[in-house]
Structure formats: C-alpha cells, structure tokens
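Observations on the three-dimensional arrangement
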Amino acid sequence: MNPEVNKKANPVAAAQRADRNRKVGLQVAVAAVLVALIAGIGISVAMKKSSAEDVGPVPSLAGQQAATITDTGAIRIGKPDAKVTVRVVSDMQCPACRMFETANSRVLQDEVDKGTAAVEYNIVAFLDVMSSGTRYSSRAANAAYAVAESDASKFQAWLAAMYTAQPKEGGFGLTDEQIIQIAKDAGYTDPAVAQAITDNKYDRYVQKITKDVSESGVNATPSVWVDGQQVRTQQAMFAPDGLRAVIDAAAAGH
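Residue positions are given per chain, counted from 1 along the sequence in the order it is written. In keeping with the model being predicted, local features are shown solely for residues with a pLDDT of at least 70 and side-chain atom pairs are shown and tallied solely at 80 or more, while totals for entire chains, interfaces and linings include all residues. Only hydrogens and water are removed before side-chain values are computed, so all heavy atoms of the structure are retained for them.

In plain terms, the rule: UniProt positions are given in the numbering used here, feature names are shortened, and annotations may be inferred rather than shown by experiment.
As named in an unreviewed UniProt entry, the protein chain is Disulfide bond formation protein DsbA, taken from Nocardia terpenica. Of the comments in the UniProt record for the protein chain, the one headed Sequence similarities (unreviewed entry) reads "Belongs to the thioredoxin family. DsbA subfamily."

Put into structure tokens, the structure is as follows:
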C-alpha cells in the first residue's frame, strides 16, 4: 500500500498534523503581535521625544535669586514671598504695550525692589506680521529669554530700554545688532547673550509659549492681572504710575 495514501487516510495522523499547524500558526501570530507592540511602543517613545524636542532649547534661570521661569513661560522677577503677583502679557512690537510700559515700568521695578510684588513677564509674538517679514516680535521675545537667563536682575531695565526703542508697526523692526547694543547698554556684555540673539536660540520655545498663551484665551496685548484679577481700567493701565494703587490695594488685602 502506498504510504502516502495510508498517511492521508489515517485520521489520527491528520489530526496531529492539523494540531501542529495550529500551534505554528499561533506562535507566528503571537510573534507578530509582539513585534507590533514593540514597534508601537518605539513609535510612541519617539513621538514623545520628538514632541519634547520640538520646543528647542528651554531657557532656565536656575541659580538666580528672585527669578524663575513659570509654567506659562513667563519670566518671573521678584522675591518668592512677595505679597502680590502681577502678570503682564505683552508683545514688544505692540504700541499699546509700549504705552503700558512707559506708564508703569517704574512702578513695577519699585514694587519688586520693595519686595511687595513679583512680576511675571509673558513676552509673546502675536505681531510678527507687523514687521515686514523680519519677525521682530519673535526675535525680541527670544532676546528677552537670552538676557533674563544671563542676569534677571537687569531684565526690567533692559525691557524699558527695548520699549523706548520700539520700531513702528509695518517697518522692519530692530536688527539683531541693534537689539544686542541695547542689551550691552543695559549691562549684558557676556558674548553668550549676543550669540543667543544672533542664533535666535529660543525661537521654537517662543512659538510654543505664544501658542499656549493664545490657546488659554489671551489674545490681546497688553493684558495684565494683579493677583489673578485682570486690570481693565485705562487709568491703571496707561496713566503714569497707574498700576501702583492697584498693587498697593492688593498688598493691603493680604
């Protein structure tokens, strides 16, 4: 008798062959699932890593006294135990922001120096379109992080000088060389500051923070809060020393 015919006719042998085939098929399927899972985990890790890297270098004020970067990307200047927190969202191309700074920069510096208030400066880039393709808002915000990281104690004086030199909307904005010179005049002589400005070191971080601030519902500059309460009166925002009374009232309430 033909052994092949006998093998095919034998139901026990056929069942054994089918069982072996199922086991092999199951092992292949399990292996395929494991490979897919491992690949999926790898892709997930890579995506998280890519997402983390998308913001580029992240500015840090570590080691500096009375200065830090907040969760909103704001440059916080002032003692940790200050009674009042002032948050200022501004764009350095914004004319109304210059008006606010002209009226209140001295108030904010005084209140920080006295230890009464800490000021959180959220410098955003809403108005790049107003600088004829030079992205002045973004470059100025980048410079803000560069100087603060070098020495936050000079930041408020530098900011006031930048607003004094603010270019007109629709122009080309200040050049990197002009921004560097303003920084030098404010005491930032470390070559690393000039390099960070020239390299636009924190540009991707600026874009992230600008997006985050916008998505939080803040779409106008200047926007100012004192202890979480938005300041809306023209007197407080734009009259000389207008914010002082608001800060003092908040401090008195503590």
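The rest of the description comes next.
1. Here's the deal with the sheet that holds strand β4 (residues 117–124)
Put simply, the test is: Between any two strands, at least two bridges found by DSSP are needed for them to pair. The helix and strand labels rest on DSSP assignments: H or I over at least four residues marks a helix, E over at least two residues marks a strand, and numbering proceeds from the N terminus. Contacts are assigned to residue pairs with any non-hydrogen atoms lying within 4.5 Å of each other. The axes used here are C-alpha line fits, helices contributing only the stretch in contact, and every angle between their N-to-C directions lies in the interval 0 to 180 degrees.
Here we have six strands laid out as an open sheet, ordered β1-β2-β4-β3-β5-β6, and mixed in their pairing. Each edge of the open sheet is held by one strand with a lone partner, namely β1 (67–69) and β6 (229–230). For strand β2 (residues 75–77) and β4, the ladder comprises three bridges, and the chain directions are antiparallel. Among the inter-strand pairings, I75 is bridged to a residue of β4, identified as Y121. Helix α5 (residues 155–164) rests against β2, β3 (84–91) and β4 of the sheet, and its axis sits at about 45 degrees to β4.

2. Quick notes on the side chain of N142
Formally: We call two N or O atoms a polar contact when they sit within 3.5 Å, provided that within protein one can donate a hydrogen and the other can accept it, with sequence-adjacent residues counted only if both atoms are side-chain atoms.
Assignment of secondary structure puts N142 in helix α4 (residues 136–150). Here A196 takes part through its backbone oxygen, which lies 3.2 Å from a polar atom of the side chain of N142. A polar atom in the side chain of N142 sits 3.2 Å from the backbone nitrogen of K201. The contacts of N142, once residues within four sequence positions are left out, are A196, I197, N200, K201, Y202, D203 and V206.

3. What about the packing of α4 against helix α6 (residues 176–185)?
Helix-helix packing: each pair is described by the crossing angle between the helix axes and the interaxial distance. To be explicit about the condition: Any angle that is under 35 degrees is reported as roughly parallel, and any over 145 degrees as roughly antiparallel; angles of 65 to 115 degrees are reported as roughly perpendicular and all others as oblique. It is the rotation of the near helix from the far one that decides the hand of a crossing: anticlockwise by less than a right angle makes it left-handed, clockwise makes it right-handed. Polar here means any residue other than Ala, Val, Leu, Ile, Met, Phe, Trp, Tyr, Cys and Pro, which are nonpolar, and Asp, Glu, Lys and Arg, which are charged; Gly is therefore polar.
Look at α4 against α6: their axes get within 11 Å of each other, and the N-to-C directions meet at 30 degrees. Accordingly, the angle class assigned to the pair α4 and α6 is roughly parallel. Helix-helix and strand crossings are classified by hand; for α4 and α6 the assignment is right-handed. Along its contact with α4, which presents Y136, R139, A143 and V147, the element α6 presents D176, I179 and A183. The residue makeup of the contact of α4 with α6, split by class, is five nonpolar, no polar and two charged.

4. Brief notes about the packing of α6 against helix α7 (residues 191–199)
In the contact formed by α6 and α7, the axes pass within 10 Å of each other and the chain directions differ by 155 degrees. Viewed along their axes, α6 and α7 adopt a mutual orientation that is roughly antiparallel. You can see that α6 and α7 cross each other, and the crossing is right-handed. Contacts between α6 and α7 involve D176, I179, I180 and A183 from the first element and V193, A194, I197 and T198 from the second. For the contact of α6 with α7, the class distribution of residues is six nonpolar, one polar and one charged.

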